[in-house]
Amino acid sequence: MSTDHRGAPAQRLICSEEIAGAYRLGFISLDNPRALNALDLGMFRTMEAKLLEWRRRADVACVVVDSISENAFCAGGDVKALVTGLQNEKGIQTGVEFFTAEYFVDYLVHAYAKPILCWADGITMGGGIGIMNGASSRVVTERTVMAMPESAIGLFPDVGGTYFLNCLPEGVGLFLALTAARFNGEDAMAVGMADHWIPHRKKPEVLGGLAKLNWTNEGPKNKLILRDYLSLFSAPDAALRSELMARVVVLQSLACHANIEKIDSDLRNWSGADEWLGDAVRGYLSASPTSVKAIFKQLTEGKNLSKRAAFLREWDMALNFCMASDFREGVRARLIDKDQQARWNPAKLSELGAGDIERLFSKEHGQADLLGQKFSEHGLD
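Residues numbered from 1 in each chain as written. Predicted model: local features only at pLDDT ≥ 70, side-chain atom pairs only at ≥ 80, totals over all residues. Heavy atoms only, no water.

Helices and strands together make up the secondary structure of the chain, namely 18 helices and 11 strands. Against the 2.2 N^0.38 benchmark of 21 Å for 381 residues, the chain shows a C-alpha radius of gyration of 20 Å, consistent with a compact globule. Put simply, the chain has 381 residues, and 59% of those count as buried. If you take every contact in the chain between residues at least 6 apart in sequence, the share linking residues at least 24 apart comes to 73%. Within the chain, the 48 negative side-chain charges are centred at a point lying 2 Å from the centre of the 42 positive side-chain charges. (Helix = DSSP H or I, 4+ residues; strand = E, 2+ residues; numbered from the N terminus. Rg over C-alpha atoms; globule rule 2.2 N^0.38 Å. Buried < 20%, exposed > 50% of the residue type's maximum accessible area, 1.4 Å probe, protein only. Contact = heavy atoms within 4.5 Å. Lys, Arg positive; Asp, Glu negative; His and termini not counted. Charge placed at Lys NZ, Arg CZ, Asp CG, Glu CD.)

Here we come to the pairing of strand 6 (residues 116-120). Consecutive side chains along a regular strand alternate between the two faces of the sheet. When you tally the buried positions in strand 6, you get 5 out of 5 residues, the bulk of the element. Examined bridge by bridge, strand 6 and strand 8 (residues 137-140) share 4 bridges and lie parallel to one another. The residue of strand 8 that forms the bridge with Leu-117 is Ser-137. (Pairing = 2+ DSSP bridges.)

This part covers helix 12 (residues 260-268). Within helix 12 the residues assigned to the buried category are Ile-260, Ile-263, Asp-264, Asp-266 and Leu-267. In a view along the axis of helix 12, the buried residues occupy a sector of 165 degrees, so they form one face of it. Contacts made by the buried residues of helix 12 are with helix 6 (172-179), helix 11 (248-255), helix 13 (275-285) and helix 14 (289-300). The opening residue of helix 12 is Asn-259, an N-cap whose side-chain oxygen sits 3.3 Å from the backbone nitrogen of Glu-261. (Arc of directions from axis to C-beta. Polar contact = N/O pair within 3.5 Å; in protein donor to acceptor, adjacent residues only side chain to side chain.)

In this section: the sheet that holds strand 5 (residues 72-74). Consider a sheet: its strands pair through backbone hydrogen bonds, and that pairing is either parallel or antiparallel. The sheet built from 4 strands is open, its strands ordered 5-7-9-10 with mixed pairing. On the outer flanks of this sheet lie strand 5 and strand 10 (183-184), each paired with one strand and no other. Pairing geometry for strand 9 (residues 145-147) and strand 10, over 2 bridges, is antiparallel. Across the sheet, residue Met-146 finds its bridge partner in strand 10, namely Phe-183.

Within the fold, Asp-158 resides in the loop between strand 9 and helix 5 (161-164). Separated by 2.6 Å, the side chains of Asp-158 and Tyr-103 make a polar contact. With sequence-adjacent residues up to four places away left out, Asp-158 is seen in contact with Phe-99, Glu-102, Tyr-103, Met-148, Glu-150, Phe-164 and Glu-314.

For residues that are not glycine, phi is negative in most cases, and the peptide bond is trans in most cases. Between Asn-345 and Pro-346 the backbone carries a cis peptide bond, its omega angle lying at 0 degrees. Relative to the assigned elements, Pro-346 resides in the loop between helix 16 (327-336) and helix 17 (354-358). We note that Leu-36 has phi near 55 degrees; this positive angle belongs to a residue other than glycine. Relative to the assigned elements, Leu-36 resides in the loop between strand 3 (23-30) and helix 1 (41-56). Using a relative accessible area of 31% as the deciding quantity, one classes Leu-36 as partly exposed.

In this section: the packing of aromatic side chains. Between two aromatic rings, the relevant description is the distance of the centres plus the angle of the planes. One pass over the structure, following the stated rule, counts 10 aromatic pairs. Taking 5.7 Å as the distance between ring centres and 80 degrees as the angle between the ring planes, the aromatic pair formed by Phe-44 and Phe-98 counts as edge-to-face. Here the residue Phe-44 occupies a position in helix 1, and Phe-98 occupies one in helix 3 (residues 92-111), the gap between them amounting to 54 residues. Here the two residues Phe-44 and Phe-98 agree in accessibility, since each one is buried. Put simply, the rings of Phe-44, Phe-98, Phe-99, Tyr-103, Phe-104, Tyr-107, Phe-311 and Phe-375 touch in pairs and so form one group of aromatic residues. Sitting over the ring of Trp-197, Arg-241 keeps its end group 4.8 Å from the ring centre. (Phe/Tyr/Trp six-rings, centres within 6.5 Å; stacked < 30°, edge-to-face > 60°. Lys NZ or Arg CZ within 6 Å of the ring centre and 35° of its normal.)

Function-wise, these values are silent; they only describe arrangement.
Structure (structure tokens):
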């Protein structure tokens, strides 16, 4: 793929442009392979600046977000750097800056008037799904591995998870959130988290052909042009190969209950030979009890929230999790010391009071509503 202008790496991102007839294409390529393209504050700010610039410019018809690495699109936000920052003199301000930047970029992608193509090849988890999910055209491949693994680090499925997990078949989003279970590109197609399944080897051909399309100055029309073009390469039967949906009745029997205590009991008493389900149950059993109970409330009580309201609620939650929860301990155990021996507090679901969970959804963090203000400043109401 030839380009007329190639940007220099900035904050582990490569931003570039390519001529496409009378228009231009914008490219944001993640290039932090050692960290599986985990997104830090600087990367979010670079993405924000470019997306806002290209949104203003009439000559930019389409944006592509992809990865230089063959192993991962994006493994999520850089929570190691976040937790390190929370422990220094800046304290909670580190969380305010990080989650404001992350959620603003995620919501901007959702609200973008121009087409965004996200090529999610390889590991795509947590914050990576946050970037991918709002794109107008979401491409997965045979190498795509997805998950919302936040319960394993004492957090919750954020980046709009309240909204998009509730768009999945009944009970499936909650099951994936509670267990951190992994799923693939075919599964993503089947549950509505991807739009096109294209073999990874086709990437040069697909991206190379974008410059030859008949782009216009109309965002909605360009979204259709991109969709129809990608459909030429997409496997029509990908969703039918989903192993996740082959298990949907079992997942619903485990997750579709009126309270978390019943779900907890069913998961703890599950016994079967299904290896994938076994891994999912083990993921649940090792998760933070605080996260588990918060996730149940987050998703069940957030079903009717708009995308904007979901992000604002998650921003409050994220800051409260930063102040006092299992989040720091989870990151220590899973990602810093890597002893995999998280000391959850409390250690049991039964030891959690209603107030412990209500606090996580409150304004107890004491911070001004910077995310809402930023949405308004940029016309994202």
